[in-house]
Amino acid sequence: MKNLVVYFSLEGNTKLIAEIIAKELDADIMELRTKKEFPKKGLKKYFWASKSVIFRENPILINKYIDLNQYDNIFLGSPIWVGTYASPFNTFIRDYKIYNRNIGLFACSGGGSTKKCFDEFKKMLKWNNFVGEIEFVGPLKVDKEKNIKSIKQWIKGLNI
């Protein structure tokens with residue numbers, strides 16, 4: 001079975017988890033990159049991220065198109081923005097028609113709930129089989145080694 005990890009990350013937290021999943025599963029990896037970069041710190045970061053989610057924006061992605069039909073399992077990872085996934089996933093979900101795949105979800109937050117994020121992904125990708133979800137609070141700053149161990153255990157427990 002072929003695996004793909006798709007993620008968006010501003011501060012590197014989601015990137016850390018995505019890279020571990022990709023390594024553990026020998027998966028291809030795709031970082032969603034936007035034509036116009038989001039600010040990475042300060043009030044601008046929160047303002048632009050929030051505005052982007054609230055208005056359900058579809059930022060232009062500059063990634064090379066890939067054929068998702070070659071993948072059985074797709075893992076989607078996002079930071080939490082206004083309680084849900086980052087807006088680059090609006091564009092990804094619109095541009096890529098994802099059906100009949102096993103989907104694993106992971107999210108990184110500063111401490112808020114990931115429930116809305118996972119619920120929104122499931123709603124937007126309802127024609128798929130969701131195999132698991134896992135959340136992390138600041139994995140680069142809060143017990144990085146424990147988080148790495150957690151993601152490896154989660155992967156081992158997936159039914160894929």
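Here's what I pulled together on the structure shown here. (Residues numbered from 1 in each chain as written. Predicted model: local features only at pLDDT ≥ 70, side-chain atom pairs only at ≥ 80, totals over all residues. Heavy atoms only, no water.)

Attention now moves to the overall build of the protein chain. Helices and strands together make up the secondary structure of the protein chain, namely five helices and six strands. In the protein chain, the succession of helices and strands from N to C terminus is β-α-β-α-β-β-α-β-α-β-α. Expressed as lengths along the three principal axes of its C-alpha atoms, the size of the protein chain is roughly 40 × 35 × 25 Å. The buried share of the protein chain, reckoned over its 160 residues, is 51%. Within the protein chain, contacts between residues separated by at least 24 positions form 80% of all contacts whose residues are at least 6 apart in sequence. When the accessible area of the protein chain is evaluated, it comes to approximately 8800 Å², of which 52% is carbon and sulfur surface. (Helix = DSSP H or I, 4+ residues; strand = E, 2+ residues; numbered from the N terminus. Buried < 20%, exposed > 50% of the residue type's maximum accessible area, 1.4 Å probe, protein only. Contact = heavy atoms within 4.5 Å. Areas by Shrake-Rupley, 256 points an atom, 1.4 Å probe, with all protein chains shown as cover.)

Counting 30 residues, the largest nonpolar core has Val6, Leu76, Phe89, Phe92 and Phe121 as the members making the most contacts within it. Looking at this core, the elements that each hand over two or more residues are strand E1 (3-7), helix H2 (42-54), strand E3 (73-81), helix H3 (88-95), strand E5 (102-109) and helix H4 (115-124). For this core, the element with the highest residue contribution is E3, accounting for four residues. With sequence-adjacent residues up to four places away left out, Phe121 is seen in contact with Leu76, Ser78, Tyr85, Phe89, Ile93, Leu105 and Phe130. (Core = buried A, V, L, I, M, F, W, Y, C linked by side-chain atoms within 4.5 Å.)

What follows deals with H3. For an α-helix, the turn length of 3.6 residues means that residues three or four places apart are oriented alike. Judged by how many residues are buried, H3 sits mostly within the fold: six of eight residues are covered. Where H3 is concerned, the buried positions are Pro88, Phe89, Asn90, Thr91, Phe92 and Ile93. Buried residues along H3 sit against E1, strand E2 (28-31), E3, strand E4 (84-85) and H4.

Per the stated rule, a full pass over the model turns up zero disulfides. Cys117 supplies the cysteine sulfur nearest to Cys108, a cysteine that is in no disulfide, at a spacing of 9.9 Å. (Disulfide = S-S within 2.5 Å.)

Of the pairings in the sheet, the one linking E5 to strand E6 (residues 129-137) comprises eight bridges and is parallel in character. Across the sheet, the residue bridging to Phe106 is Ile134, located in E6. Handedness of the crossover joining E5 and E6 through H4: right-handed. (Pairing = 2+ DSSP bridges. Right-handed = clockwise from strand over helix to strand, strands pointing away.)

A word on unusual backbone geometry. Backbone geometry places Asp26, a non-glycine residue, at a positive phi of 50°. In this structure Asp26 comes out as exposed when scored by relative accessible area, which is 70%. Positive phi is not limited to glycine here, since Asn100 has a value of about 55°. Considering the arrangement of structural elements, one finds Asn100 in the loop between H3 and E5.

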